[in-house]
Amino acid sequence: MLLGQRADIKAIKKGANKCIVEARFNISAYQMEPFFTQRDLEYDPNECIIRRELYASGKSRAFINDTCGLIGADEGTGRETDRCT
């Protein structure tokens, strides 16, 4: 779910209105700065925080370092998908 795969609302605890999944990564070994720069995202090679919010309505939003962002790719087109709308 964090990396953009389709989320299932079954992941939401009964009675809750949303599910939040968050992970922190050290990406210093991966030369990721161009990815962040091109997307105008904050870059910290020692701590990259990826968060995904899934709502009971089926809506989902993804964040990179607290900025609503693009995560994953559309399986049909290969284009990055906007998880903020």
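The sections below set out a description of the structure shown in this document. (Residues numbered from 1 in each chain as written. Predicted model: local features only at pLDDT ≥ 70, side-chain atom pairs only at ≥ 80, totals over all residues. Heavy atoms only, no water.)

### Quick look at the packing of aromatic side chains
Aromatic ring pairs: the centre-centre distance and the angle between the two ring planes describe each pair.
Then step 1. Under the defined criterion, the tally for this structure stands at 2 aromatic pairs.
Then step 2. Ring geometry for Phe35 against Phe36: centres 5.5 Å apart, planes inclined by 75°, an arrangement best described as edge-to-face.
Then step 3. A relative accessible area of 23% places Phe35 in the partly exposed class.
Then step 4. Exposure remark for Phe36: the relative accessible area of 2% places this residue in the buried category. (Phe/Tyr/Trp six-rings, centres within 6.5 Å; stacked < 30°, edge-to-face > 60°. Buried < 20%, exposed > 50% of the residue type's maximum accessible area, 1.4 Å probe, protein only.)

### Describing the pattern of salt bridges
Then step 1. Taken as a whole and assessed by the stated rule, the structure comprises 5 salt bridges.
Then step 2. Close ionic contact of Arg24 with Glu22 constitutes a salt bridge, the shortest N to O distance being 3.6 Å.
Then step 3. Taking the relative accessible area as the measure of exposure, Arg24 reaches 52% and is therefore exposed.
Then step 4. Look at the salt bridges and you will find they share partners, linking Arg51, Glu53, Arg61 and Asp66 into a network. (Salt bridge = Lys/Arg side-chain N within 4 Å of Asp/Glu carboxyl O.)

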